[in-house]
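The residues making up each chain are set out below.
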Amino acid sequence: MNRRSFWKRIAHFLFLTASIAIAFSGFAQVSPSVSTTLGTTAPARPAFSNESSACVDCHASEVKGYARSTMDHSLRLAGDEPQGTVATSSGSITVKPSSHGTWQVLKSGGTVEAFHVAYVIGSGNHASGYLIDISDHLFQSPIAYYRGRHGYGLAPGFESSRDPDFTRPVTTGCLFCHADQSVPVIGTRNEYASPPFHALVISCNRCHGSAAEHLADPGPGNIINPARLAPAARD
């Protein structure tokens, strides 16, 4: 076998190996370690329903009042987020807005990886956390923006990490307090439908039950009033 034929076979073998790995990647948790060049096209921004629109005709003042609450700002699509850098023991994490969305660039151990920020979690009154969506798998960013500091720092749970990364999966339990009903893929830890939520923020349905049933037969008897529930049920 001549040298050229040998290397062609090696290249063919590597291609087949990579193809098989991609084909079976859906059966395992997706690794968030994805090298990306800043400025590449970000994922399309998903559209979400507005659950409160069904309630506003009869309950305008309540809907407007809720819109001023922190719960109505518990989750949003990422936009042009503030620039900043967090130093780590082995490198840094830098937030870089661009024309293709906001990216968080991890420099660690001589490697550079960029992660597109999909969602901002938290009202922002105290802090804002960030969710990374990779192949419909959600991961938590290791940094957060703290309003009181006017800058970034390590996110809760990462404070003692010497080498924070983007491998922490975001489960349904993490999302329950901040998002409307999530749509997980059964049998996975952090894979979700696209988009991963019925609606972004916590909607009226969370506390009052199905709006559809109430609209079909409006009346106090088929809507939940949390004030009348026992404390355990209300929580």
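### As for the confidence of the model for the chain
On average, residues of the chain score 79 in pLDDT, and 77% of them are at 70 or above. Below pLDDT 50 for its whole length, residues 10-31 participates in 10 contacts with residues either more than four positions away or in separate chains. Note on residues 33-37: pLDDT under 50 across the span, and 10 contacts to partners over four residues away in sequence or across chains.

### Observations regarding the environment of Gln181
For Gln181, the position within the fold is in the loop between helix 3 (172-175) and strand 11 (182-184). Sequence-distant contacts of Gln181, defined by excluding residues within four places in its chain, comprise Pro196, Phe197, His198 and Arg206.

### Quick word on the nonpolar core
Formed by 16 residues in total, the largest nonpolar core has its most connected members in Phe115, Tyr130, Ile132, Ile143, Tyr152 and Phe166. Secondary-structure elements contributing two or more residues to this core are strand 3 (91-98), strand 5 (111-121), strand 6 (127-134) and strand 8 (143-146). Leu77, Tyr119, Tyr192 and Phe197 belong to the second-largest nonpolar core, a separate cluster that totals 14 residues.

### Details of the pairing of strand 8
Alternating residues of strand 8 divide into Ile143 and Tyr145 and Ala144 and Tyr146, and every residue in both groups is buried. Sheet topology note: the strand 6/strand 8 ladder contains two bridges and is antiparallel. Paired with Ser128 across the strands is Tyr145, a residue of strand 8. Bridge count between strand 8 and strand 9 (residues 151-154): four bridges; the pairing is antiparallel. Paired with Tyr146 across the bridge in strand 9 is Gly151.

### Things to note about the packing of aromatic side chains
Here the structure, examined in full by the defined rule, presents four aromatic pairs. An angle of 15° between the planes, with centres 4.1 Å apart, marks the rings of Phe115 and Phe166 as stacked. With a gap of 51 residues between them, Phe115 in strand 5 and Phe166 in the loop between strand 9 and strand 10 (168-169) connect regions that are remote in the sequence. As far as burial versus exposure is concerned, Phe115 and Phe166 are alike and both buried. Relative to Tyr152, the ring of Tyr145 has its centre 5.1 Å away and its plane inclined at 75°; by these criteria the two rings are edge-to-face. In this structure an aromatic cluster arises from ring pairing among Tyr130, Tyr145 and Tyr152. A cation sits over an aromatic face here: Arg149 above Tyr146, 4.1 Å from the ring centre. Looking at Arg168, its charged tip hangs above the ring of Phe158, at a distance of 3.8 Å from the centre.

### Overview of the environment of Tyr152
Among the secondary structure elements, Tyr152 is positioned in strand 9. Here Tyr152 falls in the buried class, since its relative accessible area comes to 12%. When the C-alpha atoms of Tyr152 and Val95 are compared, they prove to be 9.0 Å apart, with 57 residues separating the residues in sequence. Sequence-distant contacts of Tyr152, defined by excluding residues within four places in its chain, comprise Glu81, Pro82, Gln83, Gly84, Val86, Val95, Tyr130, Ile143, Ala144, Tyr145 and Tyr146. A polar contact is formed between the side chain of Tyr152 and the backbone oxygen of Pro82, at a distance of 2.5 Å.

### Let's talk about unusual backbone geometry
Of the consecutive residues Ser194 and Pro195, the connecting peptide bond is found in the cis state with omega at 0°. By the element assignment, Pro195 lies in strand 12 (residues 192-197). Its identity is not glycine, yet Ser135 carries a phi of approximately 55°, on the positive side. The exposed category is assigned to Ser135, whose relative accessible area is 54%.

### Let's talk about the pairing of strand 3
Strand direction decides the pairing type here: strand 2 (residues 84-88) and strand 3, joined by five bridges, are antiparallel. Looking at the pairing, Thr85 lines up with Thr94 of strand 3. Taking the residues that link successive antiparallel strands as the turn, the strand 2-strand 3 hairpin has two residues. Two elements, strand 3 and strand 4 (residues 101-108), share eight bridges in a ladder whose sense is antiparallel.

Thresholds, definitions, all that
- Residues numbered from 1 in each chain as written.
- Predicted model: local features only at pLDDT ≥ 70, side-chain atom pairs only at ≥ 80, totals over all residues.
- Heavy atoms only, no water.
- pLDDT = per-residue confidence, 0-100.
- Contact = heavy atoms within 4.5 Å.
- Helix = DSSP H or I, 4+ residues; strand = E, 2+ residues; numbered from the N terminus.
- Core = buried A, V, L, I, M, F, W, Y, C linked by side-chain atoms within 4.5 Å.
- Buried < 20%, exposed > 50% of the residue type's maximum accessible area, 1.4 Å probe, protein only.
- Pairing = 2+ DSSP bridges.
- Phe/Tyr/Trp six-rings, centres within 6.5 Å; stacked < 30°, edge-to-face > 60°.
- Lys NZ or Arg CZ within 6 Å of the ring centre and 35° of its normal.
- Polar contact = N/O pair within 3.5 Å; in protein donor to acceptor, adjacent residues only side chain to side chain.

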